Amino acid sequence: MKLFDITGKVAIVTGGNGGIGLGMARGMASIGAAILIAGRNAEKSEAAVAALRAMGARAEGTTVDVTREDQCVAMVGEAIRLFGRVDILVNNAGMSIRKRPEDLSEAEWHQVMDTNLTSAFLCCRAVYVPMKTQGGGKIINIGSMMSLFGAPYATPYASSKGGIMQLTRSFATAWAADNIQVNAVLPGWIDTDLTRNARAQVDRLHDSVLARTPAGRWGHPDDMAGIAAFLAAPASDFVTGAAMAVDGGFSAQG
Ligand code: NDP
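Just so you know, these numbers come straight off a predicted model, no measurement behind them.

S.K.: Explanation requested: the nonpolar core in the structure shown.
M.R.: A general feature of soluble globular proteins is that nonpolar side chains tend to end up buried together. One finds I12, M75, I139, M146, Y153 and W189 to be the most contacted residues of the largest nonpolar core, which totals 54 residues. At the level of secondary structure, the elements contributing two or more residues to this core comprise β1 (10–14), β2 (34–39), α3 (69–83), α4 (106–134), α5 (155–175), β6 (180–187) and α7 (205–212). Of the residues forming this core, the biggest block, 11 residues, is contributed by α4. Leave out the neighbours within four places in its chain, and M75 touches I12, T14, L36, A38, T62, V64 and C123. Judged by nonpolar contacts, the second largest core, of 32 residues, contains M28, I142, A233 and V246.

Okay, structure coming up:
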C-alpha cells in the first residue's frame, strides 16, 4: 500500500487562492493530486494556479461564492468536467468581522456564519453523490483555535468554528460507511491576509500570539501542507471525525 501517494486524485480547495488553502493545496499537489482552486477573486486564483503548475501539478481555477448552494454545486460539476472526478474537498474559505458582540448587526452575524459554516454544509453535500459513487473520498474542514477558545471580538467567528467541529463529527458518522472520511484541522496563528488584518485591528495580537505559542513563532501557510497531505492520503483511511490542531503547541499551553 502506498500510504502517501494520491496520484490521479482530484482535490477542490475553497479559498485556495492564498494563505492556508494554498499551503494545503501545495501539500496535496506534492504527493500527486490535481487541484481545483475555488475562490471569488479570479486574479488571485490565476496566480495560485500558476504557482501550483510551476511545481509540476495539474491545477485549474474556478470562481465560486461558497455561501450560495447553486455555486457550490456548480464548483463540483466544474471539477468533474475538468478532471473527471472529485476525491478530496477542503472547506477552507473563511472570514471574520471583528467587533464586540453588542456592536454586531444581524447581517454581519449571518455573513460570518454563512461563509465559515453553512458553506461547509453546502459543499459537503455537493460532493456526496460523486464521492459515494466513486467508492469514497476525503473531506477536510478548517476550524481554528477559536473552535476551542473565545475572544471578545470573535463571537460569530468562534461560533462558526466551534460549529465546524460538530459538523465534522456529524458528517463523519453519517458517511463513514460510504468510505468518506471527514476531519477538521484547527490551525494555530498563521501569517496570512486574514491575520494581517487581525493584527492591524486587535491591539498587541502579534506579541501575545508569540508569547503563547511554545514553538516561539507564527505559523506559515506551508506549515499546513503536511496535515493536508496526510488527511487526503490513504494513510488516514481509518481517521474520521477528528479535529487536529496544527498550532506550534498553542492549544497545549495552559
Ligand atoms: P485568507 O484571507 O488568505 O483566505 C481566505 C480565503 O477564503 C480567501 O482566499 C477568499 O478567497 C476565500 N473566501 C472568503 N469568502 C469566500 C466566499 N464567500 N466564497 C469563496 N471564497 C471565499 O485567510 P487564511 O488563509 O488565514 O484563512 C483560510 C481559512 O483558515 C479560513 O477558514 C480561516 O478562518 C482559517 N484559519 C486561519 C487562521 C490563521 O491564523 N490565518 C487560523 C485558524 C483558522 P477570495 O479572496 O477569492 O474571496
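There is more to say after this.
S.K.: Before we go on, may I ask you to explain the side chain of D178 in this structure?
M.R.: The topology assignment puts D178 in the loop between α5 and β6. A distance of 3.3 Å separates polar atoms of two side chains, one belonging to D178 and the other to K132. Not counting chain neighbours up to four residues away, the residues in contact with D178 comprise Y128, K132, G135 and G136.

S.K.: Honestly, the site of the ligand in this entry has me stumped. Any pointers?
M.R.: Around the ligand, the structure places 28 residues, and the nearest of them are N17, R40, K44, Y157 and T192. Measuring from an oxygen atom of the ligand, one finds a side-chain N or O atom of K44 at 2.6 Å. One of the side-chain N or O atoms of D65 is found 3.0 Å from a nitrogen atom in the ligand. Contact with the protein chains removes 94% of the 880 Å² of surface that the ligand exposes when unbound. Mapped onto the shell around the ligand, the elements with two or more residues apiece are α1 (19–30), α5 and α6 (193–201). When residues of the shell around the ligand are assigned to their parent elements, the largest contribution, 3 residues, is made by α6.

S.K.: How do you make sense of the sheet that holds strand β5 (residues 137–142) when you look at a structure like this?
M.R.: To summarise the sheet geometry, strands pair through backbone hydrogen bonds and adopt either a parallel or an antiparallel arrangement. The parallel open sheet is built from 7 strands, whose spatial order is β3-β2-β1-β4-β5-β6-β7. The open sheet has two edge strands, β3 (59–63) and β7 (243–246), and neither has a second partner. Between one strand axis and the next, the sheet turns by 20 degrees as a mean value, whatever way the strands run. One ladder, built from 4 bridges, connects β6 with β7; its direction is parallel. In the sheet register, A184 faces β7, and the bridge partner there is A243.

Calculation notes
- Residues numbered from 1 in each chain as written.
- Predicted model: local features only at pLDDT ≥ 70, side-chain atom pairs only at ≥ 80, totals over all residues.
- Heavy atoms only, no water.
- Core = buried A, V, L, I, M, F, W, Y, C linked by side-chain atoms within 4.5 Å.
- Buried < 20%, exposed > 50% of the residue type's maximum accessible area, 1.4 Å probe, protein only.
- Helix = DSSP H or I, 4+ residues; strand = E, 2+ residues; numbered from the N terminus.
- Contact = heavy atoms within 4.5 Å.
- Polar contact = N/O pair within 3.5 Å; in protein donor to acceptor, adjacent residues only side chain to side chain.
- Near = heavy atom within 4 Å.
- Areas by Shrake-Rupley, 256 points an atom, 1.4 Å probe, with all protein chains shown as cover.
- Pairing = 2+ DSSP bridges.
- Axes fitted to C-alpha atoms, helices over the stretch in contact; angles between N-to-C directions.

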